[in-house]
Structure formats: C-alpha cells, structure tokens
Amino acid sequence: MKKKPLSFDKDLFKRSVLYNVKTLYRKTMEEATPQEIYQAAAYAIKDAIVDHWMTTQKAAAEQDPKIVYYMSMEFLMGRAFGNNLINLQAYKPVKEALDELGLDVNLVEDQEPDPALGNGGLGRLAACFLDSLATLGYMAYGCGIRYKYGMFRQQIKDGYQVEVPDTWLENGNPFELRRSELAKEVKFGGYVNMFTDEYGRTIFRQEGYQVVRAVPYDLPVIGYGNGVVDTLRIWDAEPIQCFQLDSFDKGDYQKAVEQENLASQLCEVLYPNDNHIAGKELRLKQQYFFISASVQTAVQRYLRNHDDIRKLYEKTVFQLNDTHPTVAVAELMRILMDDYYLSWDDAWDVTTKTCCYTNHTIMSEALEKWPVDLFQRLLPRIYQIVDEINRRFVDQIMRTYSGSAGIDVQAKIRSMAILYDNQVKMAHLAIVGGHSVNGVAKLHTEILKQRELKDFYEMMPEKFNNKTNGITQRRFLMHANPLLADWVTEKIGDDWITDLSQMDKLKDFVNDKKAQAEFMDIKLKNKQRLAEYILEHNGVKVDPKSIFDVQVKRLHEYKRQLLNILTVMYKYHDIKSHPNKDFYPKTYIFGAKAAAGYLTAKLTIKLINSVAEVINNDPDIKGKIKVVFIEDYRVSNAELIFAAADVSEQISTASKEASGTGNMKMMLNGAVTIGTMDGANVEIVNEVGEENAFIFGLSSQEVMEYEKNGNYNPMDIYNSDPNVKKALDMLVDGTFSKDKELFRPLYNCLLNKVGGNRADQYFILKDFESYLEAQKKISDAYADKKRWAKMALMNTACCGKFSSDRTIQEYVDEVWHLDKLNVEAK
Ligand code: 26W
C-alpha cells in the first residue's frame, strides 16, 4: 500500500515567511536581503519540523525503543534547507510558495552556509547514516562537537591552496535548538583521591580539576516522508561560572582564568587532518569533552524510565566512528563504577555489551596513539581505568596463549596490549572494550582480519564483521540531480526513494534507444549546469560535449591525484607531438582539500593548477583537453559535480582506500568508474559487471607482496618505459613552471627514498601504463554513443546495494538490534 505523503501547509508557510521577515528584521520582503529571506524561510520550515520532532520524542517516550548513539567527531552534514524540504516532502510546495513571493528556491538555498563539521569520507558517512536512521524509523542520536570553525574554506591563489576560516555560524543557525537545560560538566586534570566511604566502598574522586560546561545544541534529522525526526546533538563548551575579578585567592583566580580559556578553546576548530594524527593535546580534550557529555546524557536518559543500570545495553548502543570517540569505553566504566557503584565485572559486562567500533582506515599514520603522560595528566581517573582494562586484557592474552605450541606470548602482548611503549593505543581499547568491530567494505574487512588486526581476529573472531558503506539517495540523487530523479520515477515509480534496490528495474531500459537518449540528455544538461559553475568560478570555458572525467576527494598520496595529473601531462605531450591524432575531447575535473601541513599534497594542488594554466591556454591543443581545479570542494558543489560526471576516478593504490563513498555517489548518477580493485570499487564492479567499468592496476595482494618483500624498484620503470620517463621529466623540465625546481619534490618522491619512505610508495609508476590503457578504452567507449549510454545507465541501474539504508539495516539486524519506532505520519 502506498503511504500518504506528509501534509504541508503552503499558505501557512508563506504567511510565516512574511511574518518572520517582519519580526526578525523589521522589514518587508522588498527590503529584506537574500540572507534575511533565507533565515525567514528556514525558521518557517523549522516550525513545520518541530511538530514532527515532538511527535517522535513522544512516541519514543511511550514505546521505549532501543537507541543508537552514533559517536563521531565529525558530521559533514552539508546544507540543511533543501534536504529538509525533500525529506518533509515539501520541496515542490515551498518552491511554488517562494515563486509566488517572487523568489527563486535555488537562490534562497544558496544563502545557507555549507556546514562542514567534518573532513571527508568519515564525516559524510555519519551524515548519510543519520538520514537513513531517521528514514528507516529508528531512534538515534548523532553525538558530536559544535565547532565554531568547521573545515577551512579553500581559496586558490596563484595556483596554491590558501586556508581561510569557515565562519559558518556568523549569521546563526536557524535549525538549531540550544538546550542549556541539558548542560553537563566535564572535568579535566587534577588528581584522583581514593578513600573508603561510610558504607565501606572504595571511592575514587577526581580533585583539583578544571571543569567546563558542555551545552548541547540539537539539530533535527528528518526521515523521508515518515514523520520521524531524530537528533544530531552537538556540544559547545562554556565556562562554568563567571568568576569574580576581585577574588583575593590568587590560586582560584588563576584557575578560573584557565578554565575560561579552556572553555573558549575547546570547540574552536575542527582538526583539518584526514588520515593523519597530529597528536595534539587539544584534540584529546575535544574527544573526552564530547564523549563525557554524551555518555552522561545516555545514561541519564536510560535511567529516566529504567532502574537497573546493569541492563543499560538492552536499550542503548554506542557506535564509535573510528577510534576518535574511544574514550567512551573508559568513561562509561567510570560512570558505572564511580557514580552507580557497579563492580568492575558488572561494569565491564555493561560496557562491552554497549560499545561497538568501526574502523575506517588502515593507513598507519592514522592510528591514534596517545603518549601515556599526556593521557594521564589530562584524564587521571580515565587513565587508571584504561590501565586496569589493559592489565586484565594482558592477563587474558597470557591465559589464552601460554603453553600453546609455537605461539610467542610476548609477541602477542606486544601487538595487542592497549598500553605499550608508553602509548595508549585507542584502536586496541576500542576492540577490547566492545562487542563488534567492523570494516567498511568487504576487502577492507578482510585486510583487517588477515593483516592489520590479525591477532585480535584470531583471539576474538566473533567480534569481527563487515558493513559495506552506503550513501543516501535522497541527497545525492533527489536533491543533487532532480532531472534524473524525476526521470527514474517516471520509468519505475518512486519506491527507489526509500528502497534503492528498485533501481534494478531500470535494467529493462538499458537497450531502449529512447531511454538511452533521454538519459544522456539529462547528463548533458547537468554538464551544462556544471560548465556554467566552472565558467563563473574558474573563468574557464569547458565543452559540455567533452568527456567529464572527475576526481573529487581529499588530497592524499594514496588516492593518487598525482597519477591522474601525470597522465594528463603525458597526453598533453602526446597531442603536441601528434597534432593530427584522433583524440576525444576531455575535461579533467579535480576538487580536493589538502591538510594544511601536508606539503606533498599542497604541491600536488599547485601542480594541477599549473598544468591547467598551461594546457587551457595552449592554442595547439585546440580545446581537446581542459583541466579544471574546482576551488573549495564541499558537499554543496559536490552535488553539482556528481550529477555531471561521465567518468568517476577511483584510482587509489589497491588496499589503501577502506571503502570510498564518492565512487557510489557518481555511480548513482550514471558515471562509469575507472578504478583499481580497492575498497568498495570491488563491490561496485561486482554489481555492475566488469564490462561496465574500467579496472586497472596492481591488486591489493600484489601491493601487499611488494610491501612485504621490498622489491619494487620504480627507477627500473623510469629507465625502461619512455612514456613514464616523459611524464616524470615534464615535472622538472620547465614545461609547467618557470622554476624548474618547483615540482622537484614530487619527482623525487617517485624515484628516490625520501624521509624514510620507499621510492614511489604508492606504486604510481607501476600502474601508469595500465591506467593509460584503461583511459584509452574509455575514450573508445565514449565515442560509441550507444555503448556509453548503456554503460552509464547500467551504473545507475546497479547501484541499489550502495544505499546507506541498506548499510544501516545491516547494522540494525546484525549489531544494534534496534526497534522500529511507530510514529503516525501527519
Ligand atoms: C586526525 C586523524 C584522522 C584519522 C582518520 C582523521 C580522520 C580519519 C578518517 C578515518 C579518515 C576517513 O575519512 N576515512 C574514510 O572513511 C570513509 C568512510 O568509511 C571511507 O569511505 C574512506 O575510504 C576512508 O578513507
């Protein structure tokens, strides 16, 4: 049976926009600025949301479902306005209402800052998961930090990345609710005083600490068409009390100032590092800050209507998004033991049954390890608990393996202990302190089990499971690509919006000439839309009829943007030396932020821009190649880019990309993948068929063999392959910069050992030829219009598996065991 759509009162919305403009700004519509109109409209939408939000909370109070707390330092939500309208099923009436007021919905949407409280994949995954949780009708809280400055805005100056602060809260956030009544205290530093109370219990009391007030801000997360509204709760830090400036007690005065400073620094800024640990004290403070506040809240909520804290796990689950929130294990132990007097064993039983951990990367630079002295100084009581968890775990290792033939118990301890080498190993704490450990794609989970976490897997295989990532089709098709969304609905109905496996039905159309033409026409329109954006932002005119070849993601050596641009350089040379050779026109589109201190990544951005500058202005090329670097790649422009992509570049060194999710977003929008057998690419190819993707390069097995044996020698390739040699030489022969030495560091990384790293760590030279070959195949395939249309359509038709709805349902069925909320949608 078809569900009735949610009701939305268009006239009420209109009246409320006018009213808000008047009461918020003392203005008429004619006088209001675009930003003010956006705010007025957003508040009007919030009014509609709040009713559903209250209904959801009431239903939860009555039905007492199990709740998942998705703990994450990052939520890369993107703009809320359009997405909220879609999930409220109110996009069309609001568009009409704004039309009638003489306003363009797109322009109103463009007024919203793009909230970027995340770096990349991990943060965006968290946002997709919340969308799916609400849409599937589960009770969920996202728990995170309300950073004052999110991911930096990127400007390109003279081809270089310049980081500019992201002032997303400048005009306030109309969708948030400040919940000061739910504030919590979080304590840092001091020492632990141990004594026996009047009941003979051992009490551990933290004293001489600094304390900050954690104040939550709630953001609504709207389910699609079901009236369910979940909550993203992000915490801000405030000083606990205003101190008196005339204080005579010097010690107190000093401390009060310190506390105030701590509070003002804590939530200032998101660390813009992706896959690389800087080991900063403030970051550990951030972690404990939001975790302590969130765990306190979850425990209190449970105790509102339950009295046996030993059964917390029946109604509560914590999903730890990578190791960043892992202090939750120790914080929950602390609360259970110190505040509710549970024994160690009882507290441990509750904690391990409540916590679960997702691993998102095997890059060793990303493994979180904290120096013991820092950890102990900052979190003295938490450290005691971690120490005891470690002691018991090491004991368990010894009991398990002592006397087993051929097993080196010391080696096991070395590889698995939580405290070792004066470090606190957060991944080990997360694995030991929970009951589920998952990777984010099949290959990734296998690598964890067979290599990175092998010893843990052997000791506790029951904890390990795979949950292949997914993305929300509501944002990445409905909102990003309305033309294609409408077309799909016209062909197969609209069930795909909440059940992406329906896309399978599009397979009936892949050989249908009319459908192929319509599909490619929509792609062309989306390419025109992106071409306009590029003209406006880059001042470069690109041909929408050329192949749009897209690599957008964080800049990292393992993602191999350098491999991509080296082949562009090679082709430039090829066209210059064979001006009459057939070449299908191609537009190379890049978008990427580099961590501020990551020099190789930043130099790669400069290289891409330098190559663009030369090629785009070389009349010999006759527009056969264009290169575009899109500034400030973020969720809002990503939506335009995905919709317009013909070719999706997923070219990481095999074994390095845990999953990837951009690959799924482009597949959904009918782009064909050129990629290595890495991360979720493996599963994409499995769904779409090898004939509808372009796979090249070393396999993960081969990469791991080379790494083990250390027998890879890129210099041999350089000396024997003239194409490789040409491309590399162009880095240092002045073709792309007057200063021949500018790109020398990149050249050196590829041919020599640099700073302890192997030469060409990421096997760029090794994969160069097979990559070129795959690109050649793409140009041939694209030239055959019918063949390409079929391939592109097949990609959209086969993307069903990659919905985050599927991922979340798997978490629910296999790990979380949540109950569906019953909310009457109105
Ligand atoms: C500051 C340290 C740090 C370390 C790791 C920051 C961020 C990370 C993340 C784990 C990096 C990340 O975003 N990983 C990506 O997670 C995605 C969602 O699972 C995957 O699709 C990507 O393959 C993975 O790189």
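Since the model is a prediction, treat every value here as computed from it, not as a measurement.

Scanning the protein chain from terminus to terminus reveals 32 helices and 23 strands. Summarising its shape, the C-alpha atoms of the protein chain cover approximately 95 × 75 × 60 Å along the three principal directions.

Once that is clear, we can look at the environment of C128. In this structure, C128 sits in helix 6 (residues 121–135). Residues within four places of C128 in sequence aside, it is in contact with G470, I471, T472 and S804.

Our next topic: the site of the ligand. Around the ligand, the structure places 23 residues, and the nearest of them are G121, L122, H360, A658 and S659. Considering only residue class, the shell around the ligand consists of seven nonpolar, 13 polar and three charged. Counting the residues that make up the shell around the ligand, at least three belong to each of domain 2 (64–78 + 116–469 + 810–816) and domain 3 (473–802).

This paragraph deals with the UniProt feature "modified residue: N6-(pyridoxal phosphate)lysine" (unreviewed entry) in the protein chain. UniProt tags K665 as "modified residue: N6-(pyridoxal phosphate)lysine" (unreviewed entry). Of note, K665 is situated in helix 24 (residues 662–668). Those residues in contact with K665 that sit more than four places away from it in its chain are I471, F476 and F642.

On to the domain arrangement of the protein chain, then. Taken domain by domain, the protein chain consists of domain 1 (1–63 + 82–113), domain 2 (64–78 + 116–469 + 810–816) and domain 3 (473–802). Once you take the C-alpha centre of each, domain 2 and domain 3 turn out to be 35 Å apart. Residue-level contacts link 37 residues of domain 2 with 35 residues of domain 3. For the side of domain 2 that touches domain 3, the elements supplying multiple residues, two or more each, are helix 6, strand 3 (153–157), strand 4 (160–164) and helix 16 (442–452). Considering every element that reaches the side of domain 2 that touches domain 3, the biggest residue donor is helix 6, with five residues.

This next bit is on the sheet that holds strand 22 (residues 672–675). Taken together, the six strands give an open sheet; going across it, the order is 20-19-18-21-22-23, and neighbouring strands pair in parallel fashion. Each of the sheet's edge strands pairs with one partner strand only, and the pair in question is strand 20 (625–629) and strand 23 (694–695). Inspection of the sheet shows strand 18 (residues 547–552) paired to strand 21 (residues 647–650) by two bridges, in the parallel sense. In the sheet register, V550 faces strand 21, and the bridge partner there is S648. Along the sheet, helix 21 (residues 561–577) makes contact with strand 18, strand 19 (586–591), strand 20 and strand 21, crossing strand 20 at roughly 150 degrees.

So, on to the environment of Q473. Of note, Q473 is situated in helix 18 (residues 473–479). Not counting chain neighbours up to four residues away, the residues in contact with Q473 comprise M478, W496, I497, L500, L668 and S803.

Attention shifts here to the environment of K740. As for its placement among the helices and strands, K740 is situated in the loop between helix 28 (722–732) and helix 29 (744–751). With 353 residues separating them in the primary sequence, K740 and D387 have C-alpha atoms 54 Å apart. If we skip the residues at most four places from it in the chain, K740 touches V732, D733 and G734.

Turning to the packing of helix 21 against helix 28, a few remarks are in order. Between helix 21 and helix 28, the shortest axis-to-axis distance is 9 Å and the interhelical angle comes to 100 degrees. Regarding the angle of helix 21 to helix 28, the classification is roughly perpendicular. Here L566, M569, Y570 and H573 of helix 21 lie close against helix 28, whose contacting residues are N723, K726, A727 and M730. Each residue belonging to the contact of helix 21 with helix 28 can be placed in one class, and the counts come to five nonpolar, two polar and one charged.

Our focus in this paragraph is the pairing of strand 18. Within a regular strand, side chains alternate between the sheet's two faces. By the criterion of burial, strand 18 is predominantly enclosed, with six of the six residues buried. One ladder, built from six bridges, connects strand 18 with strand 19; its direction is parallel. Counterpart to I547 in the pairing with strand 19 is K586. In this fold, strand 18 hands off to helix 21, which returns the chain to strand 19; that crossover is right-handed.

A few words now on the sheet that holds strand 13 (residues 369–371). Within a sheet, neighbouring strands are paired by backbone hydrogen bonds and run either parallel or antiparallel to one another. Spatially, the three strands line up as an open sheet ordered 13-15-14, and their pairing is antiparallel. Every other strand in the sheet has two partners, leaving strand 13 and strand 14 (419–420) as the edge strands with one partner each. When strand 13 meets strand 15 (residues 423–425), the two strands line up antiparallel, connected through three bridges. From the neighbouring strand, K369 faces strand 15, where its bridge partner is K425.

Take the pairing of strand 20 next. With five of five residues buried, strand 20 lies mostly within the body of the structure. Here strand 19 runs beside strand 20; their pairing, made up of five bridges, is parallel. Bridge pairing in strand 20 links T587 to K626.

Judged by nonpolar contacts, the single largest core of 250 residues is most densely connected at L130, F289, A328, V386, V611, V628 and I641. Each residue touching L130, except ones within four places of it in the same chain, is listed here: Y70, A140, G142, V221, D230 and L232.

A separate point is unusual backbone geometry. Despite not being glycine, N422 has its phi angle at roughly 60 degrees, a positive value. Turning to its location among the elements, N422 is positioned in the loop between strand 14 and strand 15. Even without being a glycine, D632 presents a positive backbone phi close to 55 degrees. One can find D632 in the loop between strand 20 and helix 23 (635–644).

Here we take up helix 30 (residues 764–783). Its 20 residues give helix 30 an end-to-end C-alpha distance of 28 Å, which sits within 8% of 28 Å, the value for a rise of 1.5 Å per residue. Most pronounced at S770, the bend in helix 30 amounts to some 30 degrees. All of the buried residues along helix 30 are I764, L765, K766, D767, F768, Y771, A774, Q775, I778 and Y782.

A few words on the confidence of the model for the protein chain. In the predicted model, the protein chain carries a mean pLDDT of 96, and the fraction of residues at 70 or more is 99%. Strand 1 (residues 67–71) holds the highest mean pLDDT among the elements of the protein chain, 99, whereas helix 7 (residues 250–266) holds the lowest, 85. Both scores are given for the predicted complex: the pTM is 0.98, the ipTM 0.97.

As a further point, take the packing of helix 19 (residues 482–492) against helix 20 (residues 513–538). Think of two packed helices as two axes; the pair is described by the angle between the axes and how far apart they sit. At a minimum axis distance of 9 Å, the contact between helix 19 and helix 20 shows a crossing angle of 165 degrees. Compared by their axis directions, helix 19 and helix 20 come out roughly antiparallel. Along this stretch, helix 19 crosses helix 20, giving a crossing that reads as right-handed. Counting all contacts with helix 19, which are made through L483, L484 and W487, the residues of helix 20 involved are E518, I522, K525 and N526.

Analysis parameters
- Residues numbered from 1 in each chain as written.
- Predicted model: local features only at pLDDT ≥ 70, side-chain atom pairs only at ≥ 80, totals over all residues.
- Helix = DSSP H or I, 4+ residues; strand = E, 2+ residues; numbered from the N terminus.
- Contact = placed C-beta atoms within 7 Å.
- Near = placed C-beta within 6 Å.
- Nonpolar A, V, L, I, M, F, W, Y, C, P; charged D, E, K, R; others polar.
- Domains from an automatic or database assignment.
- UniProt positions renumbered as here; feature names shortened; annotations may be inferred.
- Pairing = 2+ DSSP bridges.
- Axes fitted to C-alpha atoms, helices over the stretch in contact; angles between N-to-C directions.
- Parallel < 35°, antiparallel > 145°, perpendicular 65-115°, else oblique.
- Buried ≥ 20, exposed ≤ 12 C-beta atoms within 10 Å, placed from the backbone.
- Right-handed = clockwise from strand over helix to strand, strands pointing away.
- Core = buried A, V, L, I, M, F, W, Y, C linked by C-beta atoms within 7 Å.
- Expected span 1.5 Å × (residues − 1).
- Bend = angle between axes of the 7 residues up to and from the residue.
- pLDDT = per-residue confidence, 0-100.
- Left-handed = near helix turned anticlockwise from the far one by under 90°.

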